[in-house]
Amino acid sequence: MKFQSTRNKDLRLDSAETIIRGLSDDGGLFVPVEIPMLEKGEIAELSKLDYCERAKRIFAKYMTDFSKDELLECAKNAYIGNFEDDTPTPIVKLGESTYMLELWHGPTCAFKDMALQILPHFLVKSAEKAGDGKKTVILTATSGDTGKAALEGFCDVDGTEIIVFYPQNGVSKIQQLQMQTQKGKNVTVCGVMGNFDDTQTAVKSIFTDENIRAELAGKGKRFSSANSINVGRLLPQIVYYISAYADLLKNGEIAEGETVNVTVPTGNFGNILAAYYAKRMGVPFGKLICASNANNVLTEFLSTGGYNINRNFYLTESPSMDILVSSNLERLLFELCGKDDEYVSAAMESLYEHGEYYITDEMLAYLRENFPAGYTDDKSARNRIKILFDEYSYLCDTHTAVAVEVYEKYREKTGDNTKTIIASTASPYKFPRAVLKAISGKNYRNDFNAAKELERISGLPMPEQLRSLAKKEPRFTSVCKREEMADFVLSTVGGEG
Ligand SMILES: *Cc1c(COP(=O)(O)O)cnc(C)c1O
């Protein structure tokens, strides 16, 4: 199995090299040259295995330059002991046909842990395979959750350093504290004056800047990315969708081959893209419902075929979805246009130059059939949190609420009652003020007081890793301008490897 760049089909690399590079030098994203298929009856077989064994089998289809033992070792290092339970991704059934796939039982309480707990292990093994002894510098832009999950995953991992940039006013207090208090001798965190798109764009340009790369190489180092552009994040996300289907089968909730829809609260299009790959691999997924908040650029794109970022940017109560440039969409575009790297390059050039691009009617027809989309504002999302709590005593976070709300609207409109997996992407205690306001109408200013009240009302305990933040002193308080990010990176990685 090889991976190719969405902007240069002829570049073909194995998975280790792909994971090391993160982003292709041409600015493109790596995608598998061919999406591997599950064999007939394989999902039923998978349903008899535990999570790590399932992961091993699925990874092995993509990462043919790794041995199966290596893949199993990576999975065990990532998923055993770091999650609340033996099953890292439990499913909670609500009502007749809705299955909440809870992806947030890891160390940082968001779904990003599913990929970022394993990425460092992939990366260390990939670097061994590359055998050039270079140290890896992980450069990451975060809309709130990736940053902490990456810091936690890479903390004190030999041969790696990590720098995280977050939009100073674009993350929740708890998210900021999680990052600012990170321990470890190889970690650095910095706020940026700007929004997530500014931060992500600047990181991408540092990444591909030849002077900076050369300077790094002189120190025996190279960049890699922990953002969802890295194939090493996409693959673990494919696993939990296949695993969820296998679990539903195992528990008798569905019959073999039964169609199940998937609803995903979407920002950078990484999580929903993984569901798409799972579907392409042969999992009987029907509609992939794309849920957005007020930053509804994807809703518009998936219904009109025009991607246009010349619009207002809103800070919402679901900050990890406050994104206008959804990086991973480029991968879907590549598949949609028949793997035409020139088409993708031109579209991305147009997005960069003019802030927009348009796809063909044929591509749009495919999207409309496969990716119904909707968006909702903070108020309706909060209302949905209250409904779920009142009806099912189920507490969900603000991002997940966007998904449930959009899904319910979709169901009302279409009458499509197909069973649905909804990706539940964060613990409600990551956004306690908004969640408390939703269920009780009370406005708190302090996250930890809100969390206490939320515990009292719901009886659901706050995860210890969030509770303990209240007592920790921030360690990283730097803030820089966009233009200063490159210098910040150079001064941070200044030391010899
Ligand atoms: C990152 C994130 C999302 C969006 O996921 P994408 O892969 O960027 O689409 C949704 N919810 C939460 C809680 C997140 O952290």
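In short, a report on the structure.

About the thresholds
Residues numbered from 1 in each chain as written. Predicted model: local features only at pLDDT ≥ 70, side-chain atom pairs only at ≥ 80, totals over all residues. Heavy atoms only, no water. Core = buried A, V, L, I, M, F, W, Y, C linked by side-chain atoms within 4.5 Å. Buried < 20%, exposed > 50% of the residue type's maximum accessible area, 1.4 Å probe, protein only. Helix = DSSP H or I, 4+ residues; strand = E, 2+ residues; numbered from the N terminus. Contact = heavy atoms within 4.5 Å. Pairing = 2+ DSSP bridges. Axes fitted to C-alpha atoms, helices over the stretch in contact; angles between N-to-C directions. Near = heavy atom within 4 Å. Polar contact = N/O pair within 3.5 Å; in protein donor to acceptor, adjacent residues only side chain to side chain. Areas by Shrake-Rupley, 256 points an atom, 1.4 Å probe, with all protein chains shown as cover. Nonpolar A, V, L, I, M, F, W, Y, C, P; charged D, E, K, R; others polar. 1 Å grid on protein atoms, 1.4 Å probe; cavity = no way out; pocket = protein on both sides within 12 Å on 5 of 7 lines; lining within 4 Å. Points joined across faces, edges and corners; volume = space filled by probe spheres on them. Phe/Tyr/Trp six-rings, centres within 6.5 Å; stacked < 30°, edge-to-face > 60°. Lys NZ or Arg CZ within 6 Å of the ring centre and 35° of its normal. Parallel < 35°, antiparallel > 145°, perpendicular 65-115°, else oblique. Left-handed = near helix turned anticlockwise from the far one by under 90°.

## Side note on the nonpolar core
Phase 1: By size, the foremost hydrophobic cluster in this structure holds 106 residues, and its most contacted members are Ile-238, Tyr-241, Phe-285 and Tyr-357.
Phase 2: Take this core: its biggest share by element is 13 residues, from helix α11 (residues 231–250).
Phase 3: In this structure, Phe-285 is in contact with Tyr-241, Tyr-245, Thr-259, Val-260, Val-262, Ala-275, Ala-278, Lys-279 and Ile-421, ignoring residues within four places of it in sequence.
Phase 4: Residues Ile-174, Val-406, Ala-450 and Leu-466 belong to the second largest nonpolar core, which totals 35 residues.

## Structural notes on the sheet that holds strand β6 (residues 135–141)
Sheet strands associate in pairs through backbone hydrogen bonding, adopting either a parallel or an antiparallel arrangement.
Phase 1: A sheet is described by the order of its strands in space; here five strands give the open sequence β9-β6-β7-β8-β16, paired in parallel fashion. A strand with exactly one partner marks an edge of an open sheet, and here the two such strands are β9 (221–225) and β16 (479–481). Sheet twist, expressed as the mean angle between neighbouring strand axes with direction ignored, is 30°.
Phase 2: The pairing of β6 with strand β7 (residues 160–167) spans six bridges and is classified as parallel. Within β7, the position partnered with Thr-140 by the bridge is Val-164.

## A word on the site of the ligand
Phase 1: Looking at the ligand, there are 15 residues lining it, with Lys-112, Asp-145, Gly-267, Asn-268 and Asn-271 nearest.
Phase 2: One nitrogen or oxygen atom from the side chain of Lys-112 is found 2.6 Å from an oxygen atom belonging to the ligand.
Phase 3: Taking Thr-425, its side chain carries an N or O atom lying 2.9 Å from a nitrogen atom of the ligand.
Phase 4: Starting from 380 Å² of accessible surface for the ligand in isolation, the protein chains cover 98%.
Phase 5: Grouping the constituent residues of the shell around the ligand by class yields five nonpolar, eight polar and two charged.

## Some thoughts on empty space enclosed by the protein
Phase 1: Inspection of the entire model under this criterion finds four cavities of 30 Å³ or more.
Phase 2: Computed from the structure, the largest cavity encloses a volume of approximately 280 Å³.
Phase 3: Along its surface, the largest cavity is lined by 28 residues, and Phe-111, Lys-112, Gly-267, Asn-268 and Ser-320 are the ones closest to its centre.
Phase 4: Secondary-structure elements contributing two or more residues to the lining of the largest cavity are α7 (145–154), α11, β10 (260–265) and α12 (270–280).
Phase 5: Counting residues per element, the lining of the largest cavity draws most heavily on α12, at three residues.
Phase 6: The residue inventory of the lining of the largest cavity, partitioned by class, reads eleven nonpolar, 14 polar and three charged.
Phase 7: Its volume calculated, the second largest cavity comes out at about 70 Å³.

## Some words on the packing of aromatic side chains
Phase 1: Overall, the coordinates contain 15 aromatic pairs when judged by the stated rule.
Phase 2: Ring geometry for Tyr-240 against Tyr-241: centres 5.0 Å apart, planes inclined by 50°, an arrangement best described as tilted.
Phase 3: Taken together, the ring pairs in this structure connect Tyr-240, Tyr-241, Tyr-245 and Phe-285 into an aromatic cluster.
Phase 4: In this structure, Lys-129 is placed above the aromatic ring of Phe-66, and the distance from its NZ or CZ to the ring centre is 4.6 Å.

## Quick notes on the packing of helix α19 (residues 432–440) against helix α20 (residues 447–458)
Phase 1: The interhelical angle for the contact between α19 and α20, taken along N-to-C directions, is 45°, at an axis separation of 8 Å. Of the possible angle classes, the one that applies to α19 and α20 is oblique. Between α19 and α20 the crossing geometry is left-handed. For the pair α19 and α20, the contacting residues are Pro-432, Arg-433, Val-435, Leu-436, Ile-439 and Ser-440 in the first and Asp-447, Ala-450, Ala-451, Glu-453, Leu-454 and Ile-457 in the second.
Phase 2: Along the lines of polarity and charge, the residues of the contact of α19 with α20 split into eight nonpolar, one polar and three charged.

From the geometry alone we can't say anything about function, so treat these as descriptive.
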